[in-house]
Amino acid sequence: MGAWDVTAAALPHLERARGRVVFIASRMAVLPLPLAAAYGVSKRALAAYADTLRLEAGTHVGVTTVYPSMVRSPIHDSTREAGLSLDGVSRPEPLQGVVSAVVAAVTARRAPRDVATTRRGRAEMALARHAPSLADLIVLRTVAARVAAGAFAKAPLAEGLRRRHGRAD
């Protein structure tokens, strides 16, 4: 709700200034991963809000959504400690690439619509949008390989995932 509230409060000023709104979503908004449903849904909602805002105010305000993948930061520590790390499923990318993508979006002559932060990210987004069944298959196979390798073995919250993959404790 924070993005919604802040944008709503700033919108009259942004309209007058022909300003920009840049949302930082996540590639999980377009390429969901298991064990992170709440996160992915929240990022998908943010992307949907950006799409709606673009249609509502886009004649006067540039609206961009940036879609980074995982960036190494302390936010992942609790997930890793719980045995739910998506390492090996989601690839970390450098923070500088995310910053560069945001700066490019803000300084572009025209606000770009959707921005991936790496070439791989552009490919993943295109795959998720244009071949969603294939994207799902790739994610399913990657997760199955991680489960078979023992990932999530100590995570109570992943018990169902392990069981469905024949790796119940």
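This text goes with the structure placed above it.
Residues numbered from 1 in each chain as written. Predicted model: local features only at pLDDT ≥ 70, side-chain atom pairs only at ≥ 80, totals over all residues. Heavy atoms only, no water.

**Student:** Lay out the overall build of the protein with the relevant residues and their values.
**Tutor:** In terms of regular secondary structure, the protein is built from seven helices and three strands. Mapped from its N terminus to its C terminus, the protein presents α and β elements in the order α-β-α-β-α-α-β-α-α-α. When its C-alpha atoms are laid out on the principal axes, the protein stretches across 60 × 30 × 25 Å. When the 169 residues of the protein are sorted by exposure, 37% land in the buried category. Carbon and sulfur atoms make up 60% of the accessible area of the protein, which amounts to about 10100 Å² in all. (Helix = DSSP H or I, 4+ residues; strand = E, 2+ residues; numbered from the N terminus. Buried < 20%, exposed > 50% of the residue type's maximum accessible area, 1.4 Å probe, protein only. Areas by Shrake-Rupley, 256 points an atom, 1.4 Å probe, with all protein chains shown as cover.)

**Student:** Give a description of the side chain of Arg27 that names residues and reports values.
**Tutor:** In this structure, Arg27 sits in the loop between β1 (20–24) and α2 (37–57). Of the polar contacts made by the side chain of Arg27, one reaches the backbone oxygen of Tyr67; its length is 2.6 Å. (Polar contact = N/O pair within 3.5 Å; in protein donor to acceptor, adjacent residues only side chain to side chain.)

**Student:** Summarise the nonpolar core; cite the residues concerned and give the values.
**Tutor:** Ranked by internal contacts, the top residues of the largest apolar core, which has 35 residues, are Phe23, Leu53, Tyr67, Leu86 and Phe152. Elements represented by at least two residues in this core include exactly α1 (2–17), β1, α2, β2 (62–67), α5 (119–130) and α6 (132–148). Discounting chain neighbours no more than four positions away, the residues touching Tyr67 are Ala25, Ser26, Arg27, Ala29, Val30, Ala47, Asp114, Val115, Ala116, Thr117, Met125 and Arg129. (Core = buried A, V, L, I, M, F, W, Y, C linked by side-chain atoms within 4.5 Å. Contact = heavy atoms within 4.5 Å.)

**Student:** Before we move on, can you summarise the packing of α5 against α6 with the specific residues and values?
**Tutor:** Running from N to C, α5 and α6 point in directions that differ by 120°, and their axes come no closer than 5 Å. One way to sum up the angle between α5 and α6 is to call them oblique. Here α5 contributes Leu127, Ala128, Arg129 and His130 to the contact with α6, which in turn contributes Pro132, Leu134, Ala135 and Ile138. (Axes fitted to C-alpha atoms, helices over the stretch in contact; angles between N-to-C directions. Parallel < 35°, antiparallel > 145°, perpendicular 65-115°, else oblique.)

**Student:** Tell me about the pattern of salt bridges, and name the residues and values.
**Tutor:** Tallied over the full model, the rule gives eight salt bridges. For Asp51, the salt bridge is made with Arg113, and the minimal N-O distance between the two is 3.2 Å. With a gap of 62 residues between them, Asp51 in helix α2 and Arg113 in the loop between α4 (95–107) and β3 (114–116) connect regions that are remote in the sequence. With relative accessibility at 40%, the residue Arg113 sits in the partly exposed group. A network of salt bridges, in which partner residues are shared, links Asp51, Arg54, Arg113, Asp114 and Arg129. (Salt bridge = Lys/Arg side-chain N within 4 Å of Asp/Glu carboxyl O.)

**Student:** Can you break down unusual backbone geometry residue by residue, with the values?
**Tutor:** Phi at Arg18 is positive, roughly 55°, even though this residue is not glycine. Tracing the sequence through the fold places Arg18 in the loop between α1 and β1. Here Leu35, not a glycine, exhibits a phi torsion of approximately 70°, which is positive. Relative to the helices and strands, Leu35 is located in the loop between β1 and α2. Given the relative accessible area of 33%, Leu35 is considered partly exposed.

**Student:** Outline the layout of surface pockets, listing residues and values.
**Tutor:** Counted as a void, the largest pocket has a volume near 910 Å³. Taken together, 38 residues make up the lining of the largest pocket; nearest its centre are Met28, Leu33, Met70, Leu86 and Ser90. At the level of secondary structure, the elements contributing two or more residues to the lining of the largest pocket comprise α2, α3 (77–81), α5 and α6. In terms of residue class, the lining of the largest pocket is built from 20 nonpolar, 10 polar and eight charged. Within this model, the second largest pocket holds a volume of roughly 240 Å³. In terms of lining, the second largest pocket is formed by 15 residues, of which the most central are Gly58, Val61, Gly62, Val63 and Ala111. (1 Å grid on protein atoms, 1.4 Å probe; cavity = no way out; pocket = protein on both sides within 12 Å on 5 of 7 lines; lining within 4 Å. Points joined across faces, edges and corners; volume = space filled by probe spheres on them. Nonpolar A, V, L, I, M, F, W, Y, C, P; charged D, E, K, R; others polar.)

**Student:** So what about the side chain of Thr7? Which residues, and what values?
**Tutor:** By the element assignment, Thr7 lies in helix α1. The class for Thr7 is buried, based on a relative accessible area of 7%. Every residue in contact with Thr7, bar those within four places of it in the chain, is listed here: Val21, Phe23, Tyr49 and Leu53.

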